Amino acid sequence: MPINKSWEQHIAVFGESGSGKTIMLSSFFGSAQEPEFIQQNLFRIVADDGGQGNKLHQNYLGMRDESRVPITDRFTSTTYNFSLKLKANSQPKKHKSPFSSVKLVWHDYPGEWFESGVKNELEAERRIETFRNLLQSDVALILIDSQRLISSPGEENLYLKSLLGNLRNTLLSLQDDIIPDGKKLEKFPRIWVFALSKCDLLPEYDVYRFRDLLIAKVAGEITELREVISSFVTGQEALSVGDDFVLLSSAQFKSDRIETRKRIGVDLMLPVASVLPLQRHLHWAETLTLPGKLSKFLISGVGAGVSLLIKYNNRLPAPFAKALLKVTPGMVDEIANLAGEALDKLQKSALQNKDYLAATIAGFQKDLENAEQANTLLRREP
Ligand SMILES: Nc1nc2c(ncn2[C@@H]2O[C@H](COP(=O)(O)OP(=O)(O)OP(=O)(O)O)[C@@H](O)[C@H]2O)c(=O)[nH]1
Ligand SMILES: [Mg+2]
């Protein structure tokens, strides 16, 4: 199996207008420019488009220093390309990473488009184009806005139903353009995570309460959404819609100030975009009877991450590339699901070898574990 030279993970974010998408992105990028982030991590996050990066950073600084929220950017469907630059490139040759780069591509789908549709032909074309682009994502986030839940006490179900109904209808209306010949897709976001945005407004919520709210109010709509999504893809069993939940807050918004340090879940976006699909895809490839091509596809998409983890597992022969070819999905799954002490060991060994990429991936796995322990993330059982 060839190992990708560049490991590129995409994430798609769906949320109605005002649900907090732009601020989350600004908080994600801006906080990564803070000295403490740079000192604590083995990588830096750089925007491929400097102008776009500066704009996000400026948004963040406006919040941090002047308690000012950025002006809304409705209708601007934008893709943001970030590169993870590893700190040192002084790795000994034998530990050189198999990749030249790691990238995160963030697709922002304008909320207006799924609330009120498009206004004209040109916008319709842009919408299809935007949607095609974001199909490269393994993970899609659906934002549920805490503010909207608060403003309709006792009637949360109306908001939730309309949100999920809009998303479902948007997908249906795009179907003929996305798969005109009815030929189903291998590459499509297969993990749809529910995210409670602005969760600082609902401090009494943990991730279990958030899940319970959705199941109690809109279990039927979630099933319908899953049906629509599954009508796009091959291997319908390899799909997670509403099995994972996360709490998000881009900052703590107080009446007189915005505390950008008090973030929840924003720092999980990299692990959610990379390690979550890695584990899930491997598990599917191992346990489901899928068309052979799809199984291969699911593994190859995340092969880059797997190869790093295999490299640090002593039971497998080096070089890791060879190991990857030989390894059975069962073993791969076991490695990708290392937890606790075993994960610490892997991270330590990677650090000793100055393999900062492997150490970073192991760190991401730990971040997911920690968030689960803090009840801000709930992943489905494998
Ligand atoms: N309490 C709180 N408020 C937030 C948070 N994030 C965003 N907000 C508020 O929500 C408003 C809208 O956020 P945006 O990020 O602009 O929303 P959007 O999803 O990008 O909206 P469109 O661009 O119109 O699709 C902001 O002006 C803030 O007042 C958060 O984490 N907590
Ligand atoms: Mg926006």
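Everything quoted here is computed from the prediction, not taken from an experiment. (Residues numbered from 1 in each chain as written. Chains lettered and ligands numbered in written order. Predicted model: local features only at pLDDT ≥ 70, side-chain atom pairs only at ≥ 80, totals over all residues.)

K.L.:
Help me out: how do you make sense of the site of ligand 1 in this one?
P.N.:
Close to ligand 1 lie 21 residues; Ser-17, Gly-20, Thr-22, Ile-23 and Phe-253 are nearest. Ranked by the residues each element gives to the shell around ligand 1, the list is headed by helix α1 (residues 21-31), at three residues. The residue makeup of the shell around ligand 1, split by class, is six nonpolar, ten polar and five charged. (Near = placed C-beta within 6 Å. Helix = DSSP H or I, 4+ residues; strand = E, 2+ residues; numbered from the N terminus. Nonpolar A, V, L, I, M, F, W, Y, C, P; charged D, E, K, R; others polar.)

K.L.:
How should I be thinking about the packing of helix α5 (residues 121-134) against helix α7 (residues 156-178) in this particular structure?
P.N.:
Close contact between α5 and α7 brings their axes to 11 Å; oriented N to C, the two are set at 85°. Looking at the two axes, α5 sits roughly perpendicular to α7. Facing α5, whose interface residues are Ile-128, Phe-131 and Arg-132, α7 presents Leu-174, Asp-177 and Ile-178. Grouping the amino acids of the contact of α5 with α7 by side-chain chemistry returns four nonpolar, no polar and two charged. (Axes fitted to C-alpha atoms, helices over the stretch in contact; angles between N-to-C directions. Parallel < 35°, antiparallel > 145°, perpendicular 65-115°, else oblique. Contact = placed C-beta atoms within 7 Å.)

K.L.:
What is the right way to look at unusual backbone geometry in this model?
P.N.:
Trans is the prevailing form of peptide bonds, just as negative phi is the prevailing case for residues other than glycine. A positive phi angle, close to 50°, is found at Ser-67, a residue other than glycine. Its location among the elements puts Ser-67 in the loop between α3 (50-66) and β3 (78-86). Residue Ser-67 is classed as partly exposed on the basis of its C-beta count, with 16 C-beta atoms lying within 10 Å. Here Lys-198, not a glycine, exhibits a phi torsion of approximately 55°, which is positive. Structurally, Lys-198 can be placed in the loop between β6 (191-197) and α8 (207-230). (Buried ≥ 20, exposed ≤ 12 C-beta atoms within 10 Å, placed from the backbone.)

K.L.:
Explanation requested: the nonpolar core in the structure shown.
P.N.:
Generally speaking, a soluble globular protein has its nonpolar side chains buried in company with each other. Counting residues in hydrophobic clusters, the biggest one holds 83 residues, and the most contacted among them are Leu-141, Ile-142, Val-193, Ala-195 and Val-246. Here this core takes ten residues from helix α9 (residues 269-287), the largest share from any one element. In this view, Leu-141 contacts Ile-11, Val-13, Phe-14, Val-193 and Ala-195; residues no more than four positions away in its chain are not counted. (Core = buried A, V, L, I, M, F, W, Y, C linked by C-beta atoms within 7 Å.)

K.L.:
Teacher, can you tell me more about helix α14 (residues 356-373) here?
P.N.:
Think of an α-helix as 3.6 residues a turn; residues three or four steps apart then line up on the same face. Helix length check: α14, at 18 residues, gives a terminal C-alpha distance of 25 Å against a target of 26 Å (1.5 Å per residue), a fit within 8%. If you check which residues of α14 are buried, you get Tyr-356, Leu-357, Ala-358, Ala-359, Thr-360, Ile-361, Ala-362, Gly-363, Phe-364, Gln-365, Leu-368 and Ala-371. A positive backbone phi angle near 60° is found at Asn-375, which sits one or two residues after α14. (Expected span 1.5 Å × (residues − 1).)

K.L.:
Whenever I open this one, the confidence of the model for the protein confuses me. Can you help?
P.N.:
Do not read the fine detail of predicted coordinates wherever pLDDT is low. Here the protein averages 81 in pLDDT, while 78% of its residues score no lower than 70. Across the protein, the secondary-structure element scoring lowest on mean pLDDT is helix α11 (residues 320-326), at 39, and the one scoring highest is β6, at 97. Here residues 310-332 is modelled with pLDDT under 50, and outside its nearest four sequence neighbours on either side it reaches 34 contacts, counting other chains as well. (pLDDT = per-residue confidence, 0-100.)

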